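Listed below are the residues making up each chain.
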Amino acid sequence: EIQAAKNVALAALLFCWFGAEAGTASGSIAAQWPGLADDQGAWLLVGCSALGCELLGDLLQALGAKGMPATEANVLLSSEPLWAALLTSAMLHERLTATEWAGGAVLVLAGVIATTGGASGAGGGRDGNGDAGVR
């Protein structure tokens, strides 16, 4: 329910933003995206991307996070930029900076701490039964 509300709210905000941009002097669709204003195929791809990929991804993400402790789910979800950086590095041959590598290392370390219980069991981790310690 929360995920659906978030998606609806973001869609409403994006439509408002689009409407505000379209209301400016140079804000017509043709001016914003030359050559795409009348391209039905391009708009079909944009719609499929928004409804298919984004909506399905959000739904699967929410369903997957439901079956794990909140700490682990948050660390896993916060690693999305790490995966994006690694994939662009591998597929598009982009070079990552030292700061980006350091940020990735922090995310990996946070994941290890969250899943193993970390120092003195603070935060996430598991109790002796394999369950998250908080009920």
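Residues numbered from 1 in each chain as written. Predicted model: local features only at pLDDT ≥ 70, side-chain atom pairs only at ≥ 80, totals over all residues. Heavy atoms only, no water.

## Quick notes on the overall build of the protein
Helices and strands together make up the secondary structure of the protein, namely six helices and zero strands. Listing every helix and strand of the protein by position from the N terminus yields α-α-α-α-α-α. Looking at the 135 residues of the protein, the share that counts as buried comes to 12%. In the protein, once contacts between residues fewer than 6 apart in sequence are set aside, the share between residues at least 24 apart is 36%. For the protein, the accessible area works out to roughly 10,100 Å², and carbon and sulfur atoms hold 69% of it. (Helix = DSSP H or I, 4+ residues; strand = E, 2+ residues; numbered from the N terminus. Buried < 20%, exposed > 50% of the residue type's maximum accessible area, 1.4 Å probe, protein only. Contact = heavy atoms within 4.5 Å. Areas by Shrake-Rupley, 256 points an atom, 1.4 Å probe, with all protein chains shown as cover.)

## Quick word on the packing of helix α4 (residues 70-78) against helix α6 (residues 98-116)
Describing two packed helices takes the angle between their axes plus the distance from one axis to the other. The geometry of α4 relative to α6 is characterised by a closest axis approach of 9 Å and an angle of 165° between their N-to-C directions. Of the possible angle classes, the one that applies to α4 and α6 is roughly antiparallel. Between α4 and α6 lies a crossing whose hand is left-handed. In this structure, α4 uses T71, E72, V75 and S78 to contact α6, whose residues at the interface are L107, A110, G111, A114 and T115. Across the contact of α4 with α6, the residue classes break down as four nonpolar, four polar and one charged. (Axes fitted to C-alpha atoms, helices over the stretch in contact; angles between N-to-C directions. Parallel < 35°, antiparallel > 145°, perpendicular 65-115°, else oblique. Left-handed = near helix turned anticlockwise from the far one by under 90°. Nonpolar A, V, L, I, M, F, W, Y, C, P; charged D, E, K, R; others polar.)

## Describing α6
Since the α-helix turns once every 3.6 residues, residues separated by three or four places project in the same direction. Relative to the 27 Å expected for 19 residues at 1.5 Å per residue, α6 spans 27 Å between its end C-alpha atoms, a close match to the ideal helical length. For α6, the set of buried residues is G104, G111 and A114. Within α6, the buried residues cover an arc of 90° as seen down the axis, which keeps them to one side. Set apart from the buried face of α6 by more than 90 degrees, the exposed residues are A98, T99, W101, V106, L109 and T116. Against the buried residues of α6 lie α4 and α5 (80-92). Of the residues trailing α6, G117 is marked for its positive phi of about 100°. (Expected span 1.5 Å × (residues − 1). Arc of directions from axis to C-beta.)

Everything listed here is a matter of geometry and, on its own, says nothing about what the molecule does.
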